[in-house]
Amino acid sequence: MPSIEDELFPSTPGKFKIDRSNRQLHRCFASTSTMFLWALFLIALTASYLSFQSFVDSGSRYLTASWGGIQWEKQVRTSAQIHRSGGISVLVTGATGFVGSHVSLALRKRGDGVVGLDNFNNYYDPSLKRARRSLLSSRGIFVVEGDLNDAKLLAKLFDVVAFTHVMHLAAQAGVRYALENPQSYVHSNIAGLVNLLETCKSANPQPAIVWASSSSVYGLNEKVPFSESDRTDQPASLYAATKKAGEEITHTYNHIYGLAITGLRFFTVYGPWGRPDMAYFSFTRNILQGKPITIYRGKNRVDLARDFTYIDDIVKGCLGSLDSSGKSTGSGGKKRGSAPYRIFNLGNTSPVTVPILVDILEKHLKVKAKRNFVEMPGNGDVPFTHANISSARKEFGYKPTTDLETGLRKFVRWYLSYYGYNTKAKLVH
């Protein structure tokens, strides 16, 4: 049986008869037409399959999406409902983070509407964030799982709820982690912030915004205590640089679009449900496990000092900032008048050296620490922090009331309970 190649090309070109050639050409064209039809059929079949597969994939994505749909919108609206006269409706970003979870609970407790947003990243153990979400859920607070850089998600949230305020606490935290993953700081602290501001400027009505800057912006500043009017153009870490950039970016959106914006410079926040990467948290873990702890010292063996601020005091400052934030003046992305732009320190005003912190932990844990003193490396840390809080006190009555001894006692009690330690500080689970 001749092959297709034999049918299309004669074995001896120029030596075949015309009539045979005609029969060959007829068979050639008939075969070609058939192949063409089959090709069209296969193309149509393939296109149909791809269209169907695209439909299935789209449907699958819709069904498995972490946000969207009638039930999801109902949960968002219910969580955002205000239950007190003169209350506010707040979108809290970073809601399952340390500060975010505490602020969300405090807002809900006093009757405000609260909707959380968090991407549950793995900078530290996400199971702690999931546990915080369970706590929020038990108080009727719905947390949307999503990223600040998802513009469609943010637009949908503001379409479902006319938030009066945004408490922006989502960020890539930590000073030293920037040496490993610098891109994460740009992604969250700059790109994510801009995306949120873009959504807020276009909202109608525009919400007032309170967001977490950091005491790290003071960088290499040697004047103490740190005041809001001090220089902040010498950051000592990428984290600090992104927070300083955030202050400049928010000022721009306030100036151009009339967004009411308050930036809060937190000073070393600690307490129950804290971040595992913080020194007091990791010290506690290592002391209980009998592992040595590393304590950094500055030049000439000077002990590092921090203005440790208990979480409840920070929460008071956050709520005071929300309540005194003023109103945004823009509409549909257009500025109608000037709006407040403020920056406040939130600290304790009583710096304590790290060795004293360890002394207090030893007392409450009833376990001696194995201390390893080393010189502070050039990784972005600064030798001391000390907050001047007179502006926050004057503006909304901010007054910290928890000293380090009391605060660490509460933290240790939570830590032992959460991680299943007995009174002798031994792991039992």
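Quantities reported herein were computed from a predicted structural model and do not represent experimental measurements.

Q: What should I look at first to understand the confidence of the model for the chain in this one?
A: Note that predicted coordinates carrying low pLDDT should not be read in detail. Looking at the chain as a whole, the pLDDT averages 86, with 82% of positions reaching at least 70. Counted against residues more than four places away or in other chains, residues 1-65, with its pLDDT under 50, gives seven contacts. The low-confidence segment residues 423-429 (pLDDT under 50) makes 12 contacts with residues lying over four places distant or belonging to another chain.

Q: I would appreciate a short explanation of the packing of helix H11 (residues 354-365) against helix H13 (residues 404-418) in the present structure.
A: Axis angle and axis distance: for two packed helices, these are the angle between their axes and the distance between the axes, and together they describe the pair. Taken N-terminus to C-terminus, the directions of H11 and H13 make an angle of 50°; their axes are 10 Å apart at the nearest point. The angle between the axes of H11 and H13 places the two elements in the oblique class. Of the two possible hands of crossing, H11 and H13 adopt the one that is right-handed. Contact residues: Leu357, Ile360, Leu361, Lys363, His364 and Leu365 in H11; Leu404, Glu405, Leu408, Arg409, Val412 and Leu416 in H13. The class makeup of the residues in the contact of H11 with H13 is eight nonpolar, one polar and three charged.

Q: Would you take a moment to explain the nonpolar core for this structure?
A: The nonpolar side chains of a soluble globular protein tend to be buried with one another. Core analysis: the biggest nonpolar cluster contains 69 residues, and Val99, Val103, Met167, Phe266 and Tyr280 have the highest contact counts within it. With seven residues, H13 is the single largest residue contributor to this core. Among residues more than four places away in sequence, those in contact with Tyr280 are Phe98, Val269, Tyr270, Gly271, Gly274, Arg275, Leu357, Leu361, Leu408 and Phe411. Among the nonpolar cores identified, the runner-up in size contains 30 residues, and Trp72, Val76, Leu153 and Leu154 belong to it.

Q: How do you make sense of the pairing of strand S11 (residues 341-346) when you look at a structure like this?
A: If a strand is regular, its side chains alternate between the two faces of the sheet. Counting buried residues along S11, five of its six residues qualify, which places the element largely inside the surrounding structure. Taken together, the six bridges between strand S6 (residues 261-266) and S11 define a ladder with parallel strand orientation. By the bridge assignment for S11, Phe266 is matched with Leu346.

Q: Is there a simple way to think about the packing of helix H7 (residues 182-202) against helix H8 (residues 238-257) in this case?
A: For the pair H7 and H8, interaxial distance at closest approach is 10 Å and the crossing angle is 15°. Here H8 runs roughly parallel to H7, going by the angle between their axes. In the crossing of H7 with H8, the sense of the turn from one axis to the other is right-handed. Touching Pro182, Tyr185, Asn189, Ile190, Leu193, Val194, Leu197, Glu198 and Lys201 of H7 are Leu238, Tyr239, Thr242, Lys243, Ala245, Gly246, Ile249, Thr250, Tyr253 and Tyr257, all from H8.

Quick notes on the rules
- Residues numbered from 1 in each chain as written.
- Predicted model: local features only at pLDDT ≥ 70, side-chain atom pairs only at ≥ 80, totals over all residues.
- Heavy atoms only, no water.
- pLDDT = per-residue confidence, 0-100.
- Contact = heavy atoms within 4.5 Å.
- Axes fitted to C-alpha atoms, helices over the stretch in contact; angles between N-to-C directions.
- Helix = DSSP H or I, 4+ residues; strand = E, 2+ residues; numbered from the N terminus.
- Parallel < 35°, antiparallel > 145°, perpendicular 65-115°, else oblique.
- Left-handed = near helix turned anticlockwise from the far one by under 90°.
- Nonpolar A, V, L, I, M, F, W, Y, C, P; charged D, E, K, R; others polar.
- Core = buried A, V, L, I, M, F, W, Y, C linked by side-chain atoms within 4.5 Å.
- Buried < 20%, exposed > 50% of the residue type's maximum accessible area, 1.4 Å probe, protein only.
- Pairing = 2+ DSSP bridges.

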